[in-house]
Amino acid sequence: MKAAEKRLPRVYVTRRIPPDGIKILQQSGICEIEQWDSDDPVPREELLKKVAGAKGLYCLLTEKIDEEVLRAAGPSLKVVSTMSVGYDHLSLDDLKKRGIRVGYTPDVLTEAVAELTVALLLATSRRLIEAADEAKNGGWGTWKPLWMCGNGLTQSTVGIIGLGRIGEAIAKRLKPFGVKQFLYTDIGPRPEVAARISAEFVSMEELAKQSDFITVCCALTPETQGICNKKLFSKMKNTAVFINTSRGAVVNQEDLYQALSNGQISAAGLDVTVPEPLPLDHPLFKLKNCVILPHIASATVETRNAMAALAANNLLAGLQGEAMPKEVPL
Ligand code: DGY
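Residues numbered from 1 in each chain as written. Predicted model: local features only at pLDDT ≥ 70, side-chain atom pairs only at ≥ 80, totals over all residues.

**Re the overall build of the protein**
Looking only at helices and strands, the protein features 13 helices and twelve strands. A compact globule built from 330 residues would reach a C-alpha radius of gyration of about 20 Å, and the protein, at 22 Å, matches this within 12%. If one aligns the C-alpha atoms of the protein with their principal axes, the spans along those axes are about 80 × 45 × 30 Å. Sorting the 330 residues of the protein into buried and exposed places 41% on the buried side. Considering only intrachain contacts with a sequence separation of at least 6, the fraction spanning at least 24 residues in the protein is 65%. (Helix = DSSP H or I, 4+ residues; strand = E, 2+ residues; numbered from the N terminus. Rg over C-alpha atoms; globule rule 2.2 N^0.38 Å. Buried ≥ 20, exposed ≤ 12 C-beta atoms within 10 Å, placed from the backbone. Contact = placed C-beta atoms within 7 Å.)

**A look at the site of the ligand**
The ligand sits among L61, S84, V85, G86, L109, A297 and S298. For the shell around the ligand, a count of residues per class yields four nonpolar, three polar and no charged. (Near = placed C-beta within 6 Å. Nonpolar A, V, L, I, M, F, W, Y, C, P; charged D, E, K, R; others polar.)

**A word on the pairing of strand β3 (residues 56–59)**
Where burial is concerned, the two faces of β3 agree: the one with G56 and Y58 and the one with L57 and C59 are both buried. Taken together, the three bridges between strand β1 (residues 10–13) and β3 define a ladder with parallel strand orientation. Note on β3: the bridge partner recorded for Y12 is L57. Relative to strand β4 (residues 79–82), β3 is paired through four bridges, and the arrangement is parallel. What sits directly across from C59, in β4, is T82. (Pairing = 2+ DSSP bridges.)

**So, the sheet that holds strand β7 (residues 181–185)**
Sheet strands associate in pairs through backbone hydrogen bonding, adopting either a parallel or an antiparallel arrangement. The strand order β8-β7-β6-β9-β10-β11-β12 describes an open sheet built from seven strands, whose pairing is parallel. For this open sheet the edge positions go to β8 (199–201) and β12 (290–292), each flanked by a neighbour on one side alone. Going from strand to strand, the sheet's axes swing by 20° on average, the running direction of each strand aside. (Axes fitted to C-alpha atoms, helices over the stretch in contact; angles between N-to-C directions.)

**Focus on the confidence of the model for the protein**
Summing up the model confidence of the protein, the mean pLDDT is 97 and the portion of residues at 70 or higher is 98%. Model confidence for the complex is summarised by a pTM of 0.96, with the ipTM given as 0.98. (pLDDT = per-residue confidence, 0-100.)

**Thoughts on the packing of helix α6 (residues 110–125) against helix α8 (residues 165–174)**
Between α6 and α8, whose axes approach to 8 Å, the crossing angle comes to 50°. Classified by the angle their axes make, α6 and α8 are oblique. Crossing geometry of α6 relative to α8 is assigned as right-handed. Residue-level contacts link T110, E111, V113, A114, E115, T117 and V118 of α6 to R165, I166, A169, I170, R173 and L174 of α8. (Parallel < 35°, antiparallel > 145°, perpendicular 65-115°, else oblique. Left-handed = near helix turned anticlockwise from the far one by under 90°.)

**Side note on the UniProt feature "domain: D-isomer specific 2-hydroxyacid dehydrogenase NAD-binding" (unreviewed entry) in the protein**
The positions that UniProt labels "domain: D-isomer specific 2-hydroxyacid dehydrogenase NAD-binding" (unreviewed entry) are, in the present scheme, residues 118–297. Along residues 118–297 the backbone is 32% helical and 16% strand, and the end-to-end C-alpha distance reaches 10 Å. (UniProt positions renumbered as here; feature names shortened; annotations may be inferred.)

**Concerning the sheet that holds strand β2 (residues 32–35)**
A sheet is described by the order of its strands in space; here five strands give the open sequence β2-β1-β3-β4-β5, paired in parallel fashion. Unpaired on one side and paired on the other, β2 and β5 (101–103) mark the two borders of the sheet. Neighbour to neighbour, the strand axes of the sheet diverge by 20° on average, direction disregarded. Helix α13 (residues 301–319) contacts β1, β3, β4 and β5 of the sheet and is inclined by roughly 170° relative to β4.

**Quick look at the environment of A309**
Following the sequence through the fold, A309 ends up in helix α13. Judged by C-beta crowding, with 23 C-beta atoms within 10 Å, A309 ranks as buried. C-alpha of A309 to C-alpha of S234: the two residues are 75 residues apart in sequence and 43 Å apart in space.

**Remarks on the UniProt feature "domain: D-isomer specific 2-hydroxyacid dehydrogenase catalytic" (unreviewed entry) in the protein**
Sequence positions flagged by UniProt for "domain: D-isomer specific 2-hydroxyacid dehydrogenase catalytic" (unreviewed entry) are, in local numbering, residues 11–328. The distance separating the terminal C-alpha atoms of residues 11–328 is 19 Å; by composition the span is 36% helix and 14% strand.

**Considerations on the pairing of strand β11 (residues 267–270)**
Residue alternation in β11 divides its side chains into two sets, A267 and G269 and A268 and L270, and both sets are buried. Bridge analysis of strand β10 (residues 241–244) against β11 gives four bridges, and the strand direction is parallel. Across the sheet, the residue bridging to V241 is A267, located in β11. Handedness of the crossover is the feature at issue here: the chain leaves β10, passes through helix α12 (residues 253–261), returns alongside β11, and the resulting connection is right-handed. In this sheet, β12 lies alongside β11 in parallel orientation, the contact comprising three bridges. Residue pairing across strands places L270 opposite I292, the latter belonging to β12. (Right-handed = clockwise from strand over helix to strand, strands pointing away.)

Here it is as structure tokens:
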């Protein structure tokens, strides 16, 4: 009986995580850790079983934390910490109702995501994947004046959908390429951020009409679900390039496919899709003017370790009833 009283609160970690994160949890000495010891997501049934009685849940963006999981966890669950900046996989209303605190990982991935967005934009606009394939597969004939021509950033207008930390970091990186003008749209003007990058607040329609490049940086919410759709694509220039490194569901993929295949827009670069992974027979994979990456925007070793560490520190703070380094206000 005495031994049972001394047991530390249990936390369930839904995946193998980068070393900096697991070390922090292990060395804390304040919790008992149980972990899904795999690089693949925990099966739903296993998650429902293992979360029962846990005080803390450390999860990734692949786990849907909804009423069913919270019911399975029971009243012991006090904190959910996700190793991601996005938290559209968490049912915030249900978490709030149960008084469960939520940690997430903003800031530490801003630079890596901005860097990858620029890389994807350049790979898409300058047709790097298509050109490298041609070189490898015998399509490289003589030098031809207009072969493999794309669109340059010099003197261009870049439109940012959702101007937050990541949008700002992307603009700062793109500026030295000679971008003439930054436009942005959001739920309202963000004068402080906008002033730092000299960006002008415009309507979604104006952004579509004027931009040579559009980059999506907003969070996925009920309001942003599917906002990049036929209406947006039909107003874009047919030379324009569309980039998304936020969440796949912000885009209506059927509408994007139509816009890309009928020449409504020039090209698209996607780091995120619905579903993930995108099935191999998906029509978007058939298009030469669509570059698809497997959700790697934050994938640098340092960044993933920093995310893992921040999520661990959020979890530990939540377990002890202290202020979390980064908490989602509910
Ligand atoms: C996040 O953290 O939400 C990104 O999509 C993955 O790094």
